[in-house]
Amino acid sequence: MNASRAVLWDMDGTLIDSEDLHWISWKNTLAMDGIFITHRQFVSSFGQRNDSILSEWLGAGATPERMERIANTKEELYRRRVRRNGISPLPGVAYWLHRLHEEGWLQAIASAAPRANIDAVLEALSATHIFQAIVSAEDVHRGKPDPEVYLTAAARVGVPPERCIVVEDAVAGVEGARRAGMRSIGVSRNGKHLPADIVVESLELLEPEAFEKLDRSLLVGFGNRAAPSTDEIRV
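Each value, and the rule that gives it
- Each chain carries its own residue numbering, running from 1 in the direction its sequence is written.
- It should be noted that, the model being predicted, local features are given only for residues of pLDDT at least 70 and side-chain atom pairs only at 80 or more, the latter also being counted only at that level, while totals for whole chains, interfaces and linings use all residues.
- Calculated side-chain values reflect all of the structure's heavy atoms, with hydrogen atoms and water omitted.
- Secondary structure counts use DSSP, requiring at least four H or I residues in a row for a helix and at least two E residues in a row for a strand, with both numbered from the N terminus.
- Residues are treated as being in contact if the distance between any of their heavy atoms lies within 4.5 Å.
- Among the buried residues, those of types Ala, Val, Leu, Ile, Met, Phe, Trp, Tyr and Cys that are joined through side-chain atoms within 4.5 Å form a nonpolar core.
- Only protein chains enter the accessibility calculation, which uses a 1.4 Å probe; a residue is then buried when its area is under 20% of its type maximum, exposed when over 50%, and partly exposed in between.
- Per residue, pLDDT measures the predictor's confidence, with a range of 0 to 100.
- Note on geometry: axes are lines fitted to C-alpha atoms, helical ones only across the stretch in contact, with angles between N-to-C directions running from 0 to 180 degrees.
- Helix crossings get a hand from a simple test, with the near helix turned counterclockwise from the far one by less than a right angle marking a left-handed crossing and a clockwise turn marking a right-handed one.
- Each C-beta atom gives one direction from the helix axis, and the arc is the one those directions make.

Visitor: Mind showing me how you'd approach the environment of A137 here?
Guide: Mapped onto the elements, A137 comes out in the loop between β3 (133-135) and α7 (148-157). Sequence separation between A137 and A113 is 24 residues; the distance between their C-alpha atoms is 5.4 Å. Contacts of A137, omitting those with residues within four sequence positions, involve R49, S111, A112, A113 and P114.

Visitor: Teacher, can you tell me more about the nonpolar core here?
Guide: One recurring pattern in soluble globular proteins: nonpolar side chains tend to sit buried together. Among the nonpolar cores identified, the biggest contains 38 residues, and W9, L15, F131, L203, L206 and F211 are the most heavily contacted of them. Within the residue set of this core, elements represented by two or more residues are β1 (6-9), α4 (64-85), α5 (93-102), α6 (115-125), β4 (164-168), β5 (183-187), β6 (198-200) and α9 (210-222). Tallying contributions element by element places α6 first for this core, with five residues. Residues contacting L206, with those up to four places away along its chain left out, are W96, I185, I198, V200 and F211. If you look at the next biggest cluster of nonpolar residues, it comprises 18 residues, including L8, V157, V166 and A180.

Visitor: What is the right way to read the confidence of the model for the chain from this model?
Guide: Close inspection of predicted coordinates is inappropriate in any region flagged by low pLDDT. The predicted model of the chain averages 90 in pLDDT, with 91% of residues at 70 or higher. Note on residues 222-235: pLDDT under 50 across the span, and 34 contacts to partners over four residues away in sequence or across chains.

Visitor: Could you clarify how one ought to interpret the packing of helix α3 (residues 50-58) against α4 in this entry?
Guide: For any two helices packed against each other, one specifies the crossing angle of their axes together with the interaxial distance. Running from N to C, α3 and α4 cross one another at 115°; their axes reach a closest spacing of 10 Å. As for how α3 packs across α4, the hand of that crossing is right-handed. Listed contacts from α4 to N50, D51, L54, S55 and L58 of α3 are R66, M67, I70, A71 and E75.

Visitor: I would appreciate a short explanation of α3 in the present structure.
Guide: Every buried residue of α3 is listed here: N50, I53, L54, W57 and L58. Summarising the axial view, the buried residues of α3 lie within an arc of 110°, below the 170-degree limit, and thus occupy one face. Looking at the packing, one finds that the buried side of α3 touches α1 (19-32), α2 (39-45) and α4.

Below, the structure written as structure tokens:
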């Protein structure tokens, strides 16, 4: 039996609070193309793949070439802002990344963001060495809640899905973890309901043995659940 175990991290909204940077980058890029969106439209799409977002925003004008051009411009603007201004991890993130690393957990990024964005953020956080694998938008065909991103990350770190724990801030991400047969920790900074096994407002509030407890529960046969957990823990 493979004794390895892994934590698969979402990035935007989980490792970092990048919402404002993405909003400004989208708003400015789209305005240059004569497109104007509301903040509510942006929030409802946050965390999705760019092709899905732009298909909705552009409607009939969403040709592949136009979507690629707009997305590339927006992401380059976002990365310039990250490199220029830096970005900080959300509370508790640095502690858990380093603790899990020291305890021998394998760790991977499982994100809908482009790979260049992930690289820029991890460089800004000085955390590149923490992760054994990165799965980005370019690596999968289907976005969350499809489990593809998590199953791909698990395969890349060589850990079976039933020994992986997902950390997410979005309902779609938590549902994707459930479909992958993985336990999950939900970070609900705004109080929204997340059907995860453990839900906290901040990772700094996560109990010290949370990952160990979830791993033990996986070992006794709860890895392939057919429905979201009903024993949600909220801190």
